[in-house]
Amino acid sequence: MASSQRPLSPHLQIYRPQITSVLSILHRVTGVALTAGTLLLTWWLVAAASGPGPFATVQGFLGSWFGHLLLWAFTFSLFYHLSNGIRHLLWDFGWGFELEQVRLSGIAMVAAAAGLTVITLIAAYVAAGG
Amino acid sequence: MELRSSLSRARGLGSAKEGVHHWWGQRVTAIALVPLSLWFVVSAIGLMGADLPAFQAWIGSLFNAVLMVVLVAVLFYHAWLGMQVVIEDYVHGEAAKTTSLLIVKFALAVMAVACILAVARLAIGA
């Protein structure tokens, strides 16, 4: 086949990770993680519809240290995917394509995601323990 | 002017002309999910450690039940579109790709129906 003789672009391992590429693949990683998180959402709602026993089991699981760890991870994934999603929507409007703008919006997006996660965690612990 | 060869036309391969619909679906659901997911996070904070009567009281409000059903529908459609792109990009080989797509899409559809029926059952007060 003639097509197999074409020159290949360098493989992924060749490139030094850049902020643009790392943030881009994290958008997909968080998207897939959040899709897995829909299992938890489904369990929560179905358990609530099933009765006090199943619902107490879910709430107990979510209240455990592992449940908290999962919820922290999903909270950050959600805010990351949300912030970067807004960044993507701005690109769809043709805004912010200069390299420096892409770098700055990336940093701003990560800062926003981290800030929103911290605010949510504080609010959650104040609401639960207050 | 027709730029495709006669052979290419006869085979009927090429664009399925669904890409634009997929692209718009992803964007429209993304925009809808901005307020919906923020509402969900705020609601979830209030429901931390809640017992079933407290949860039933919350979902028993028509406002919350409607938003939850809308969130579930939009979220699962967004995940459906996104997972499709991820699988198509990374799973090579037609058999593995088609199998993964079917499993993920069936699972997402079943979970969406389960969530919506659960909310309906709670909201109607079964």
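Residues numbered from 1 in each chain as written. Chains lettered and ligands numbered in written order. Predicted model: local features only at pLDDT ≥ 70, side-chain atom pairs only at ≥ 80, totals over all residues. Heavy atoms only, no water.

Structural notes on the overall build of chain A
Here is step 1: A count of helical and extended segments in chain A gives four helices and zero strands.
Here is step 2: Put simply, chain A runs from its N terminus to its C terminus through helices and strands in the order α-α-α-α.
Here is step 3: In terms of overall dimensions, chain A is more spread out than a globule: its C-alpha atoms have a radius of gyration of 20 Å, far above the 14 Å expected for 130 residues.
Here is step 4: In terms of its C-alpha atoms, chain A occupies a principal-axis envelope of roughly 65 × 40 × 25 Å.
Here is step 5: Out of the 130 residues belonging to chain A, those deemed buried represent 34%.
Here is step 6: Sequence separation of 24 or more characterises 66% of the internal contacts of chain A that already satisfy a separation of 6 or more.
Here is step 7: Here chain A displays about 8,000 Å² of accessible surface, and carbon together with sulfur accounts for 73% of that area. (Helix = DSSP H or I, 4+ residues; strand = E, 2+ residues; numbered from the N terminus. Rg over C-alpha atoms; globule rule 2.2 N^0.38 Å. Buried < 20%, exposed > 50% of the residue type's maximum accessible area, 1.4 Å probe, protein only. Contact = heavy atoms within 4.5 Å. Areas by Shrake-Rupley, 256 points an atom, 1.4 Å probe, with all protein chains shown as cover.)

Some thoughts on helix α3 (residues 52-59) of chain B
Here is step 1: Buried within α3(B) we find B:Leu52, B:Phe55, B:Trp58 and B:Ile59. Buried residues of α3(B) fall within an arc of 120° about the axis and therefore sit on the same side. Exposed residues lying more than 90 degrees from the buried face of α3(B) are B:Pro53 and B:Ala57.
Here is step 2: Where α3(B) is buried, its residues contact α1 (19-50) and α2 (52-63) of chain A together with α2 (19-46), α4 (62-90) and α5 (94-124) of chain B. (Arc of directions from axis to C-beta.)

Observations regarding the interface of chain A and chain B
Here is step 1: Contacts between chain A and chain B engage 29 residues on the former and 36 residues on the latter.
Here is step 2: Of all residues in chain A, A:Arg28, A:Trp44 and A:Leu45 give up the largest surface area on contact with chain B, accounting jointly for 20% of the area buried on that side.
Here is step 3: Taken together, the links from chain A to chain B amount to two salt bridges.
Here is step 4: In this assembly, chain A and chain B are joined by five residue pairs in polar contact (both at pLDDT 80 or more).
Here is step 5: Among the secondary structure elements, those contributing two or more residues to the side of chain A that touches chain B are α1, α2, α3 (65-92) and α4 (99-129) of chain A.
Here is step 6: The class makeup of the residues in the side of chain A that touches chain B is 20 nonpolar, seven polar and two charged. (Buried area = accessible area lost by both parts, 1.4 Å probe. Salt bridge = Lys/Arg side-chain N within 4 Å of Asp/Glu carboxyl O. Polar contact = N/O pair within 3.5 Å; in protein donor to acceptor, adjacent residues only side chain to side chain. Nonpolar A, V, L, I, M, F, W, Y, C, P; charged D, E, K, R; others polar.)

Quick look at the packing of α1(A) against α2(A)
Residues and elements named next belong to chain A.
Here is step 1: Where α1 contacts α2, the two axes come as close as 7 Å, and the packing angle between them is 145°. Residues Leu40, Trp43, Trp44, Ala47, Ala48 and Ser50 of α1 form the contact with α2, whose own contacting residues are Pro54, Phe55, Thr57, Val58, Gln59, Phe61 and Leu62.
Here is step 2: Split by residue class, the contact of α1 with α2 holds ten nonpolar, three polar and no charged. (Axes fitted to C-alpha atoms, helices over the stretch in contact; angles between N-to-C directions.)

Some words on the nonpolar core
Here is step 1: Ranked by size, the top nonpolar core spans 36 residues in total, and within it A:Trp44, A:Leu45, B:Phe55, B:Trp58, B:Ile59, B:Met68 and B:Phe76 carry the most contacts.
Here is step 2: Listed by contribution, the elements that provide at least two residues to this core are α1 and α2 of chain A together with α2, α3, α4 and α5 of chain B.
Here is step 3: Counting residues per element, this core draws most heavily on α4(B), at nine residues.
Here is step 4: Beyond its immediate sequence surroundings of up to four residues, B:Met68 is in contact with A:Trp44, A:Leu45, B:Trp39, B:Phe40, B:Trp58, B:Ile59 and B:Val119. (Core = buried A, V, L, I, M, F, W, Y, C linked by side-chain atoms within 4.5 Å.)

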